[in-house]
Structure formats: C-alpha cells, structure tokens
Amino acid sequence: AAVSVGLMASPLANIRTVLQEKSARSMSFPLSFFSFLTGLSWTLKGTFISPDPAIWLPNSLGASAAAVQLYLFAKFGSRPKVKSKEEASKGSRDLV
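One structure accompanies this document, and this report is about it. (Residues numbered from 1 in each chain as written. Predicted model: local features only at pLDDT ≥ 70, side-chain atom pairs only at ≥ 80, totals over all residues. Heavy atoms only, no water.)

1. So, the nonpolar core
Point 1. Listed in full, the six residues of the largest apolar core are V18, A24, M27, L72, F73 and F76.
Point 2. Sort the elements by how many residues they give to this core and helix 4 (residues 53-76) lands first, with three residues.
Point 3. Discounting residues that sit within four places of it in the chain, F76 has contacts with V18, L19, K22, S23 and A24. (Core = buried A, V, L, I, M, F, W, Y, C linked by side-chain atoms within 4.5 Å. Buried < 20%, exposed > 50% of the residue type's maximum accessible area, 1.4 Å probe, protein only. Helix = DSSP H or I, 4+ residues; strand = E, 2+ residues; numbered from the N terminus. Contact = heavy atoms within 4.5 Å.)

2. Some words on unusual backbone geometry
Point 1. With a phi close to 55 degrees, K22 is a non-glycine residue in the positive phi region.
Point 2. By the secondary structure assignment, K22 is in the loop between helix 2 (15-21) and helix 3 (29-49).
Point 3. We classify K22 as partly exposed; its relative accessible area is 42%.

3. Some details on the environment of T38
Point 1. By the element assignment, T38 lies in helix 3.
Point 2. The class of T38 is partly exposed, set by a relative accessible area of 38%.
Point 3. Placed 21 residues apart in sequence, T38 and N59 show a C-alpha to C-alpha distance of 8.0 Å.

4. Some thoughts on the pattern of salt bridges
Point 1. Scanning the model with the defined rule gives one salt bridge in all.
Point 2. Across the pair E21 and R25 runs a salt bridge, and its minimum N-O distance is 3.4 Å.
Point 3. Accessibility expressed as a relative area gives 48% for R25, which makes it partly exposed. (Salt bridge = Lys/Arg side-chain N within 4 Å of Asp/Glu carboxyl O.)

5. Points about the packing of aromatic side chains
Point 1. This structure, assessed with the given rule, holds three aromatic pairs.
Point 2. Summarising the aromatic geometry, the rings of F29 and F33 are spaced 5.9 Å apart at their centres and angled 20 degrees between planes, so their arrangement reads as stacked. With F29 and F33 both in helix 3, this residue pair falls four residues apart, about one helical turn.
Point 3. For F29, a relative accessible area of 40% translates into the label partly exposed.
Point 4. Their ring planes at 75 degrees and their centres at 5.1 Å tell us that F33 and F34 sit as a pair that is edge-to-face.
Point 5. Take F33: its relative accessible area is 32%, and that puts it in the partly exposed class.
Point 6. A relative accessible area of 52% means that F34 is categorised as exposed. (Phe/Tyr/Trp six-rings, centres within 6.5 Å; stacked < 30°, edge-to-face > 60°.)

6. Details of helix 4
Point 1. End to end, helix 4 covers 34 Å across 24 residues, agreeing with the expected 34 Å (1.5 Å per residue, within 8%).
Point 2. Restricting attention to buried positions, one finds in helix 4 the residues P58, N59, G62, A63, A65, A66, Q69, L70, L72, F73 and F76.
Point 3. Buried residues along helix 4 sit in contact with helix 1 (2-9), helix 2 and helix 3.
Point 4. For helix 4, the side-chain oxygen to backbone nitrogen distance between the N-cap and A54 is 3.1 Å, and the N-cap itself is D52.
Point 5. Looking at the residues trailing helix 4, positive phi occurs at G77, about 75 degrees. (Expected span 1.5 Å × (residues − 1). Polar contact = N/O pair within 3.5 Å; in protein donor to acceptor, adjacent residues only side chain to side chain.)

Laid out in structure tokens, this is it:
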C-alpha cells in the first residue's frame with residue numbers, strides 16, 4: 001500500500017521546482033492524470049463494491065496526491081513563463 005501511494009505521489013517531489021518556476025513542466029501529466037483515475041476507481045471499488053479500508057485508504061491518499069498534481073498543471077501549465085522585455089533586459093544586465 002505504501003508503495004502504491006509513493007508511486008502516485010512521486011511527481012510531488014518536484015513541487016518546489018514547480019512553485020519556483022511557476023511551471024509544471026518538471027512533472028509528467030500522463031502519470032498524474034492516470035494516477036488520479038486509477039486511485040479514484042480503486043477508492044470507489046473499495047468503498048462501495050467491496051468495503052475494505054486496505055483498498056480505499058491508500059488509493060484515496062494516492063488520488064488526493066494526484067489531484068494536487070492536476071491542480072498544479074491547471075494553475076501553472078507545463079510551459080515556462082515568458083519573461084517580459086523589462087525582466088529579460090534586467091537579467092542580461094546582471095550578467096555584464
């Protein structure tokens with residue numbers, strides 16, 4: 001169960017980079033999306049079809065972690081922010 005949650009939450013290891021760059025390009029969207037779908041489906045099965053906390057608990061944690069990842073994709077996207085001309089010229093002056 002811990003391995004499953006770790007797998008679904010693994011892209012969150014890059015959360016610091018995502019927040020600093022304001023871009024989710026360091027995370028894998030397909031992994032996040034399918035982790036969410038898988039976690040959600042097993043949570044529903046473990047809740048309604050065969051009630052078993054050993055099924056629904058780790059999968060609900062994994063689905064929640066994947067939902068956070070999808071939120072970061074929705075908020076920041078996977079492309080880096082384009083610097084304005086003022087920011088770009090300021091950055092080039094710092095190098096000189």
